[in-house]
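Below are the chains, spelled out letter by letter.
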Amino acid sequence: MKTHTHQLCTFHVDQLNLGINVQQVQEVIRYQKMTRVPLAPDAISGLINLRGQIVTALDLRCRLGLAPRGENELPMNVVVRDGENGVSLLVDRIGDVVEVDDELFEPPPATVHKNVRGLIRGAYKLSDRLLLVLDTARVLDECDARSGTEARLAS
Amino acid sequence: MELADKELIAEFVVESQEGLAKVENQMLAIEAAGANIDGDLVNAVFRTMHSIKGTAGFLGLARIGTLAHGLEEVLNNLRNREVVPTSELVTSVLRAADFMKGLIDAVETSGDADIEPFVAELQQFRPGAETAPSPTATIEPPVAAAAVQLSEAVREFLVECRDNLDQMEHDLVALEAAPESEPLLRNIFRTIHTVKGGAGFLGLSALERLAHVAENLLSKLRDGQRPFNPPTASILLTTVDKCREGLSLVEAQGSDNGFDPQAVVQQLLELEISGAPSPAGAAPAASPASTAPPTPPPASAPAVTAPTAPAKAPVAAAPTADSPDKGHSAPADTTIRVDVALLDKLMTRVGELVLARNQILQHTSNLEDSAFVSTAQRLNLITTELQESVMKTRMQPIGNVWAKFPRVVRDLASQLGKQVRIEMEGKETELDKTIVEAIKDPLTHLVRNSVDHGIETPEKRVAAGKPAEGVLSLRAFHEGGQVNIEINDDGAGLNIERIRRKAVERGLVSADQATRMTDREVSQLIMLPGFSTAEQVTSVSGRGVGMDVVKTNIERIGGMIDLQSRPGSGTTVKIKIPLTLAIIPALVVTSDGDRYAIPQVSLLELVRLEGEQVERGIEYVHGAPVHRLRGKLLPLLYLAEQLDPTKKAAFGTEAAGSCQADQVVNIVVLRANDRQFGLVVDKVNDTEEIVVKPLGRQLKNLGEYAGATIMGDGTVALILDVMGLAVSSGLAGEMRDQTIAGGINSEVKASDESQSLLIVDLGDARRFALPTSMVSRLEKAQSSAVEYADGREVIQYRGAILPLVRLGQVFGASTDGDKQPDELQIVVYAEQGRSYGLVVNRIVDVVDTQLGFDPQARMDDNLLGTTVIQQRVTDVLNLRNLARHAAGARRVFAN
């Protein structure tokens, strides 16, 4: 029944168990030094040199409206493909790659905070926990809309 | 044999196309050499055909094989000097080769193609009348045309016709330049004849009729019964377009139902009758050709080739047999086809190599290992060479863009009733593919502009003592690592007065400014947004894409545009653009701990202020920092502040300025548009070749950055967009003033007009000036004398009420409101019949000076501008606007 299962790359952000389709993931790497981008939207943490490829780092905590990471906690990079460029999602911890059955899928539960709800596609009801599937397209997309100017005004 | 191996076929296609691409030039050279046959050249073409024939036979592509065989035979005859390469022969060969190209492009369907006309045409050039036996047994006999599926035949017809029409269009434009050229005329004739034949064969009667009428006209031209003149060319070009229209219709619906060429047919007929002395005589000449549609060997061919095609001994088979060996050893194929995407990838890799090289070089500067250092040096050299070579692979000649201009110019000129000749120099000048793409539209616009606005009508030209025909010349050349393109016309030049008038009408400059600008400055005005001088909006220009768009597009790729007009004798537009955009030299600076790259094209100079210079070198115009660079005011931007607006307080204020006394100030003088400004950075590091990488879409709308790059140490650095910085800082909004201000400065300096100015101050560093001619009196008054009218400060003065304007309040002086001096210093001035009192701190001086101020430094409505008086930056007050501060008192008071 391979057609009904997906492999998800899972990771943790704050209290959330998140996952994205492994096929979207280019690679997972440790914390990298970044070059900050002044005037950029808040969620953009900086730019990373990934073997000559310049990758935009996007902090999922900020993107999902969660509390910022502690000073000494270094995030991990989940690099996903985004057209020509790569985007690195900064997460707290990397989990396993899990195989999920489509039958366990459900749309986002109403209890999920509204900041997060728009950005997840739904949840897989695993035996021990809920695994939320991140809508990567949206996570990367709506970042555009919030221009630097707006961010500046907001801050 | 089955069409089994796709890879083999793909290889065959690429190989054959390459060979065929060269055949064209080779055949033209053969034609040029005439009877003096160059054996090597003929052999080269022969070999191309031979290997196509062989491979096609092997792959079971019968039609291609047969056609190649026909061509091979003709070439063999040529090689054996049994026939002479007449232009007919060459044309037939080229046509057959073109058709073959089409077949090879659509190799899967080539089996259905109708190659008979071509084979028949080629057979005319045999020395003997009999068909020689096929030397290669693998060639299958051609399948009868009747078996061809109609839709395939139509498709082939469409492909062929389009190619032919493109060629015909080209030929027509060329013919107009050289009306005497018989080969061109014959080519055109033959093309239309083929269209007619094909259309007739496929039952496309409307198209056939159009082609037939055009052919009749052409036959008269060919026979010299009619001169070839521009109206004729226009109608024939219209015919070409109409034919294309018909073809599109055929393509869409499989027939030419609904295709109505009647209007064009009528024009052709009229022209044919009107100009022909004996129309009856010409008709029979053309009709034999038109009655044999399926096989279109041109009617003219036998007559012309007769003397050069004597019956000789049949072709010997021996030379054919030994040719393959020669074919493989010959250095015929020196080029290969490469996918553009692969080149892009290669470029990216080289970019990374450049970065790695930079990194290594940075390391070696700290090393003493001489072996390693010298290896690094070699790596450096090789990388640079590799980078240059790879860059070259992406280069394209500018001629690719120019190729369409002759037709553009021709159509436009005839539409406007003008005569224009186009000249091109430096077609082979190469630039990067991406840049070629980027300049296509701007160049087209400039060319159209020159024909539309530049070159006059023949009558006007003759009246001005110029030849009736205008010349538009395009020139391209490399200079200083940049490509220069010049578009020059010998037209009337710009109408400076009209531009001046228009600019004032459109509110781009004030009437006063306009009169003071030099002609050259006025001519630059046409590149401002919202400017169009066309008295009427023509279909040609005046459609919204003005010179400003051209300018913006050129500048977007780091180019510059300059315009020079010589009244009565023409206009020249000069464009300078970089060779490539992928790797650029840049200045690396540090601001707030981060490094940024600034593209060197925008860099003018570096200024470093140390110690005392800092305090003296940075002055403030109403709070805005400026630096006096060789007598001109250079507005300053603090990069750290631009990138972090919350730091506003820390930079670029007088308070901050004073505590910078012990620091070093680095000013990077930049150019954005025509404006200069100084960017203050913490540190100027170095210049470096950087590889430009685009930013991800999440950051695309940050105008301050042009991209990012990877530095020698592997960290990412942002590339600043100088233009974007100017825009976001608000400097760009004043760009217009700057362009003009430059003009006013020079104009005023040139004049001897000096003015008497009253200098006042507010008790701080700032000084203000106002013309003494406006000042009625200088008065002093006790603060206690100040009364209020309608909430505004007034005093009683000479029996009337004088509204007061406190300069300190207007400009936010540091003098505290609650600690006012007992005695007020008042400058009384009249503005529009009313008097006002300007309260100042101190009257400093009265000076006579030439008032050459910089409106671009204007930050405030209450200032006219800023100037340097007695070596000090001084703001010139706008007394009229200041009077409005007392506006509330107007109702009460009228003097």
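Because the structure is a prediction, the values reported are computed rather than measured.

1. Overview of the overall build of chain B
Phase 1: What chain B contains, in helices and strands, is 30 helices and 29 strands.
Phase 2: Looking at the 895 residues of chain B, the share that counts as buried comes to 41%.
Phase 3: Residue pairs in contact within chain B that sit at least 24 positions apart in sequence constitute 71% of those at least 6 positions apart.

2. Things to note about the overall build of chain A
Phase 1: Regarding its fold elements, chain A presents 4 helices and 11 strands.
Phase 2: For chain A, with 155 residues in total, the buried portion stands at 38%.
Phase 3: Counting contacts in chain A only where the partners sit at least 6 residues apart, residues at least 24 apart contribute 55% of the total.

3. Some words on the interface of chain A and chain B
Phase 1: The interface of chain A with chain B comprises 24 residues on the first partner and 21 residues on the second.
Phase 2: Of all the elements in the fold, those that place two or more residues in the side of chain A that touches chain B are strand 4 (44-50), strand 5 (53-59), strand 7 (85-91), helix 3 (136-145) and helix 4 (148-154) of chain A.
Phase 3: It is strand 4 of chain A that contributes the most residues to the side of chain A that touches chain B, 4 residues altogether.
Phase 4: Along the lines of polarity and charge, the residues of the side of chain A that touches chain B split into 12 nonpolar, 7 polar and 5 charged.

4. What about the environment of B:Ser374?
Residue and element names in this part refer to chain B.
Phase 1: Counting through the fold element by element, Ser374 comes out in helix 15 (residues 370-393).
Phase 2: According to the C-beta neighbour criterion, Ser374 is exposed, with 11 such atoms within 10 Å.
Phase 3: Along the backbone, Ser374 and Thr364 are 10 residues apart, and their C-alpha atoms lie at a distance of 9.3 Å.

5. Focus on the nonpolar core
Phase 1: Of all hydrophobic cores here, the largest spans 90 residues; its most connected members are A:Leu47, B:Ala597, B:Ile598, B:Val680, B:Ile719 and B:Leu720.
Phase 2: The element contributing the most residues to this core is strand 8 (residues 583-591) of chain B, with 6 residues.
Phase 3: Within the second largest apolar cluster, 41 residues are counted, among which are B:Val451, B:Leu472, B:Val483 and B:Ile577.

6. Observations concerning the sheet that holds strand 8 (residues 93-101) of chain A
Residue and element names in this part refer to chain A.
Phase 1: Reading across from one edge, 8-1-2-11-10-9 is the order of the 6 strands in this open sheet, with mixed pairing throughout. Either end of the sheet is taken by a strand with one partner, and the two such strands are strand 8 and strand 9 (105-106).
Phase 2: Here strand 10 (residues 120-125) runs beside strand 11 (residues 130-134); their pairing, made up of 5 bridges, is antiparallel. Its bridge partner being in strand 11, Ala123 is matched across the sheet by Leu132.

7. Brief notes about unusual backbone geometry
Phase 1: One non-glycine residue with positive phi stands out, namely A:Asp14, at about 55°.
Phase 2: Relative to the elements of secondary structure, A:Asp14 occurs in the loop between strand 1 (5-13) and strand 2 (16-21).
Phase 3: Notably, B:Asp592 is not glycine yet its phi reads approximately 55°, a positive angle.
Phase 4: Within the element layout of this structure, B:Asp592 appears in the loop between strand 8 and strand 9 (594-599).

8. Some thoughts on helix 8 (residues 205-222) of chain B
Residues and elements named next belong to chain B.
Phase 1: The terminal C-alpha atoms of helix 8, which comprises 18 residues, lie 25 Å apart, in line with the 26 Å expected from a rise of 1.5 Å per residue.
Phase 2: Burial of helix 8 is extensive: 16 of the 18 residues sit out of reach of the surface.
Phase 3: With its phi angle positive at about 75°, Gly224 sits one or two positions after the end of helix 8.

9. Observations concerning the packing of helix 2 (residues 39-59) of chain B against helix 3 (residues 62-79) of chain B
Residues and elements named next belong to chain B.
Phase 1: For the pair helix 2 and helix 3, the least separation of the axes is 8 Å and the interaxial angle reads 155°. Looking at the two axes, helix 2 sits roughly antiparallel to helix 3. Seen along the crossing, helix 2 lies across helix 3 with a hand that is left-handed. Counting all contacts with helix 2, which are made through Gly39, Val42, Asn43, Val45, Phe46, Met49, His50, Ile52, Lys53, Ala56 and Gly57, the residues of helix 3 involved are Ile64, Gly65, Ala68, His69, Leu71, Glu72, Leu75, Asn76, Leu78 and Arg79.

10. Quick notes on the sheet that holds strand 17 (residues 705-710) of chain B
Residues and elements named next belong to chain B.
Phase 1: Pairing is mixed in the open sheet, where 5 strands are placed in the order 16-8-9-18-17. Single-partner strands in this sheet number two, and they are strand 16 (683-691) and strand 17. Strand-to-strand twist in this sheet, taken as the mean axis angle between neighbours without regard to direction, amounts to 35°.
Phase 2: For strand 9 and strand 18 (residues 716-720), the ladder comprises 2 bridges, and the chain directions are parallel. Within the sheet, the bridge partner assigned to Ala597 lies in strand 18 and is Ile719.

11. Quick look at the confidence of the model for chain A
All names here are of chain A.
Phase 1: With 89% of its residues at a pLDDT of 70 or more, chain A has an overall mean of 82.
Phase 2: Across chain A, the secondary-structure element scoring lowest on mean pLDDT is helix 4, at 39, and the one scoring highest is strand 3 (residues 25-29), at 91.
Phase 3: Scored below 50 in pLDDT, residues 144-155 shows 14 contacts in the model against residues more than four places distant or in partner chains.

12. Focus: helix 1 (residues 6-33) of chain B
Residue and element names in this part refer to chain B.
Phase 1: With 28 residues, helix 1 ought to run about 40 Å at 1.5 Å a step, and its terminal C-alpha atoms sit 40 Å apart, in line with that.
Phase 2: By the largest-angle criterion, Val23 marks the main kink of helix 1, which is about 30°.
Phase 3: Of the surrounding secondary structure, the elements contacted by the buried residues of helix 1 are helix 2 and helix 4 (87-105).
Phase 4: The positive-phi residue at the C-terminal boundary of helix 1 is Gly34, with phi of around 60°.

13. Regarding the confidence of the model for chain B
All names here are of chain B.
Phase 1: When the pLDDT values of chain B are averaged, the result is 74; 79% of them are 70 or greater.
Phase 2: Strand 18 holds the highest mean pLDDT among the elements of chain B, 93, whereas helix 28 (residues 735-750) holds the lowest, 36.
Phase 3: Here residues 654-661 is modelled with pLDDT under 50, and outside its nearest four sequence neighbours on either side it reaches 11 contacts, counting other chains as well.
Phase 4: Across residues 888-895 the pLDDT falls below 50, and counting only partners more than four positions away or on other chains, this stretch makes 20 contacts in the model.

14. Some thoughts on the environment of B:Glu18
Residues and elements named next belong to chain B.
Phase 1: Residue placement: Glu18 occurs in helix 1.
Phase 2: Given 15 C-beta atoms within 10 Å, Glu18 falls into the partly exposed group.
Phase 3: Along the chain, Glu18 and Arg337 lie 319 residues apart, while their C-alpha atoms are 7.7 Å from each other.

15. Regarding the pairing of strand 5 of chain A
Residues and elements named next belong to chain A.
Phase 1: Where burial is concerned, most of strand 5 is hidden: 6 out of the 7 residues are buried.
Phase 2: Sheet topology note: the strand 4/strand 5 ladder contains 6 bridges and is antiparallel. Its bridge partner being in strand 5, Gly46 is matched across the sheet by Ala57.
Phase 3: Linking strand 4 back to strand 5 in an antiparallel pair, the connection comprises 2 residues, with Arg51 at a positive phi of about 45°.
Phase 4: Judged from the 4 bridges that link them, strand 5 and strand 7 form a sheet pairing that is parallel. Pairing of Asp59 across the sheet is with Leu90, part of strand 7.

16. As for the packing of helix 3 of chain B against helix 5 (residues 116-123) of chain B
Residues and elements named next belong to chain B.
Phase 1: Packing of helix 3 against helix 5 leaves a shortest axis separation of 9 Å and a crossing angle of 15°. Comparing the axis directions of helix 3 and helix 5 gives the class roughly parallel. Where helix 3 crosses over helix 5, the two elements pack in a sense that is left-handed. For the pair helix 3 and helix 5, contact is made by Thr66, Leu67, Gly70, Leu71 and Val74 and by Phe118, Val119 and Leu122, respectively.
Phase 2: A class-by-class count of the residues in the contact of helix 3 with helix 5 yields 6 nonpolar, 2 polar and no charged.

17. A look at the environment of B:Leu472
All names here are of chain B.
Phase 1: Relative to the helices and strands, Leu472 resides in strand 4 (residues 470-479).
Phase 2: Note: C-alpha distance between Leu472 and Val447 (25 residues apart in sequence) is 8.0 Å.
Phase 3: Filtering out sequence-adjacent residues up to four positions away, Leu472 remains in contact with Val409, Val420, Ile422, Val447, Ser450, Val451, Ile455 and Asp489.

About the cut-offs
Residues numbered from 1 in each chain as written. Chains lettered and ligands numbered in written order. Predicted model: local features only at pLDDT ≥ 70, side-chain atom pairs only at ≥ 80, totals over all residues. Helix = DSSP H or I, 4+ residues; strand = E, 2+ residues; numbered from the N terminus. Buried ≥ 20, exposed ≤ 12 C-beta atoms within 10 Å, placed from the backbone. Contact = placed C-beta atoms within 7 Å. Nonpolar A, V, L, I, M, F, W, Y, C, P; charged D, E, K, R; others polar. Core = buried A, V, L, I, M, F, W, Y, C linked by C-beta atoms within 7 Å. Pairing = 2+ DSSP bridges. Expected span 1.5 Å × (residues − 1). Axes fitted to C-alpha atoms, helices over the stretch in contact; angles between N-to-C directions. Parallel < 35°, antiparallel > 145°, perpendicular 65-115°, else oblique. Left-handed = near helix turned anticlockwise from the far one by under 90°. pLDDT = per-residue confidence, 0-100. Bend = angle between axes of the 7 residues up to and from the residue.

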